[in-house]
Amino acid sequence: MGGRDATMVLLDENGIRCDGRKVDEPRRIMIKAGGLKNADGSAYIEFGDNKILVGVFGPRDVHPKHMSNTDTGILRVRYHMEPFSVGERKNPAPSRREIEISKVIKEALEPAVMLEKFPRTAVDVFIEVLQADGGTRCAALSAASVALADAGIPMRDMVAACAAGKVADTIVLDVNNEEDQAGQADMPIGYMPSLEKITLLQLDGVLTPEEYKKCVQVGVDGCKIVYDIQKKALQDKYFGNGAD
Ligand code: UDP
């Protein structure tokens, strides 16, 4: 996309990336649990320059009623980017990309949420991307897990998410926007660390079988870093000084 410096060095001779990080270093991550008083649960995440707010509602009645399931609860996810979240104004109407990401995040959360405990109801997850800088689906998924936990929804585990990728022929953790556009592969991963289960894995790009394995391992290690920050966000709200 426009404005990228064609002479930018993605990885220098010392193994330092275009934003000053090492290959296995994630961007700065900050998660805050709670914050929205009208939601049952909420979370705010800053993941590098990504800024995302998530509100969770439910379990609550399903309208229209025929959408409900008598055997289990249902999860509904809406991922939405604000028009001002990217350099070039985004049309506020849902794009194909937003519909796809909503579906991907819903399917990544479903194995974690004990929906069977709430038949006939829905849990709604609203994701608002305030600022985007590559990797919003992973940041949104991580924040959504914290918001669900904040809402008191029973879960088997939280889903932590982080991407790995291939940049300048090297497998790196947490691909940023520049690397996504100029790099060779981007692999967003969602992972339940306690259960050791992957719930999201996409791949944009081409990798050899060895690179693929390494990418999964690097991504999973990144998810474990995110997981610790998710747990700390909940601890800060419920046991620490961040209660609101
Ligand atoms: N992006 C943009 N305009 C759009 C959609 C995306 O500028 O309409 C940027 C945004 O910074 C986003 C990045 O492109 O984070 C990469 O988008 P992708 O579809 O790969 O999803 P993401 O990496 O955010 O999960």
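Because the structure is predicted, anything quoted here is derived from the model rather than measured.

A word on the site of the ligand
Lining the immediate surroundings of the ligand are 12 residues, of which Arg97, Gly134, Gly135, Thr136 and Arg137 lie closest. Contact distances for the ligand include 2.7 Å between an oxygen atom and a backbone N or O atom of Gly134. Here Arg137 contributes a side-chain N or O atom positioned 2.8 Å from an oxygen atom of the ligand. Contact with the protein chains covers 79% of the free accessible surface of the ligand, which is 510 Å².

Some details on the packing of helix 2 (residues 136-150) against helix 4 (residues 209-238)
For the pair helix 2 and helix 4, the least separation of the axes is 10 Å and the interaxial angle reads 30°. Crossing of helix 2 over helix 4 shows right-handed handedness. The segment helix 2 lies against helix 4, with Ser142, Ser145, Val146, Ala149 and Asp150 engaging Val226, Gln230, Leu234, Lys237 and Tyr238. A class-by-class count of the residues in the contact of helix 2 with helix 4 yields five nonpolar, three polar and two charged.

Things to note about the pattern of salt bridges
Enumeration according to the criterion identifies 19 salt bridges in this entry. Here Asp150 makes a salt bridge to Lys237, at a shortest N to O gap of 2.8 Å. Note that Asp150 is positioned in helix 2 and Lys237 in helix 4, a separation of 87 residues in sequence. Of the two residues examined, Asp150 and Lys237, each falls in the buried class. Each of the salt bridges in this network shares a partner with another, and the network as a whole consists of Arg17, Asp19, Arg21, Arg27, Asp133, Asp174 and Glu179.

Comments concerning the packing of aromatic side chains
Taken as a whole and assessed by the stated rule, the structure comprises one aromatic pair. A ring pair is formed by Phe57 and Phe126, whose centres lie 5.8 Å apart and whose planes are at 75°; its orientation type is edge-to-face. Within this pair, whereas Phe57 is found in strand 3 (residues 50-61), its partner Phe126 is found in strand 5 (residues 121-131), the two being separated by 69 residues in sequence. Judged by its relative accessible area of 22%, Phe57 is partly exposed. A relative accessible area of 31% places Phe126 in the partly exposed class.

A closer look at the side chain of Glu211
The residue Glu211 is located in helix 4 in this model. A distance of 2.9 Å separates a polar atom in the side chain of Glu211 from the backbone nitrogen of Thr208. Discounting chain neighbours no more than four positions away, the residues touching Glu211 are Lys166, Ile171 and Val206.

Thoughts on unusual backbone geometry
A cis amide bond, omega 0°, links Gly58 with the succeeding residue Pro59. Note on placement: Pro59 falls in strand 3. Cis geometry marks the peptide bond from His63 to Pro64, where omega comes out at -5°. By the element assignment, Pro64 lies in the loop between strand 3 and strand 4 (74-81). Phi is positive for Asp174, close to 55°, though the residue is something other than glycine. With respect to the secondary-structure elements, Asp174 resides in the loop between strand 7 (170-173) and helix 3 (177-182). Phi is positive for Glu196, close to 55°, though the residue is something other than glycine. Mapped onto the elements of the fold, Glu196 is located in the loop between strand 8 (185-192) and strand 9 (197-201). Accessibility expressed as a relative area gives 63% for Glu196, which makes it exposed.

Concerning helix 2
In this model, helix 2 (15 residues) spans 21 Å end to end at C-alpha, consistent with the 21 Å of a helix rising 1.5 Å per residue. Across the 15 residues of helix 2, 14 count as buried, placing the element largely inside the fold. Two residues or fewer past helix 2, Gly152 is found with a positive phi of approximately 80°.

Re the environment of Met30
Mapped onto the fold, Met30 is located in strand 1 (residues 29-33). Taking C-alpha positions, Met30 is 18 Å from Asp221, a pair spaced 191 residues apart along the chain. Dropping the residues within four chain positions of it, Met30 is found in contact with Tyr44, Ile45 and Glu46.

Conventions we followed
Each chain carries its own residue numbering, running from 1 in the written order of its sequence. Per-residue local features of the predicted model are confined to residues with pLDDT of at least 70, and side-chain atom pairs are confined, for both listing and counting, to 80 or more; whole-chain, interface and lining totals are unaffected and use all residues. Hydrogen atoms and water are omitted, and side-chain values are computed over all heavy atoms in the structure. Each residue is tested against the molecule or strand, and it is near if at least one of its non-hydrogen atoms lies within 4 Å. Polar contact criterion, stated in full: a pair of N or O atoms within 3.5 Å, where within protein one must be able to donate a hydrogen and the other to accept it, and residues adjacent in sequence count only if both atoms are side-chain atoms. Values of accessible area rely on a 1.4 Å probe in the Shrake-Rupley scheme; residue burial ignores everything except the protein chains shown. To get an axis, a line is fitted to the C-alpha atoms, and for a helix only the part in contact is used. The angle between two axes follows their N-to-C directions and goes from 0 to 180 degrees. Going along the chain from the N terminus, every DSSP run of H or I of four or more residues is numbered as a helix, and every run of E of two or more is numbered as a strand. For a crossing to be left-handed, the near helix must be turned anticlockwise from the far one by less than a right angle; the clockwise case is right-handed. We call two residues contacting when some pair of their heavy atoms lies within 4.5 Å. Under the scheme applied here, ten amino acids are nonpolar (Ala, Val, Leu, Ile, Met, Phe, Trp, Tyr, Cys and Pro), four are charged (Asp, Glu, Lys and Arg), and all others, including Gly, are polar. By definition, a salt bridge exists where a carboxyl oxygen of Asp or Glu is found within 4 Å of a side-chain nitrogen of Lys or Arg. Per-residue accessibility, obtained with a 1.4 Å probe over protein chains only, is compared with the maximum for each type, and a residue is labelled buried under 20%, exposed over 50%, and partly exposed between these values. When two rings of Phe, Tyr or Trp (its six-membered ring) have centres within 6.5 Å they constitute a pair, described as stacked for plane angles under 30 degrees, edge-to-face for angles over 60, and tilted for the intermediate range. Working rule for helices: expected span equals 1.5 Å times residues minus one.

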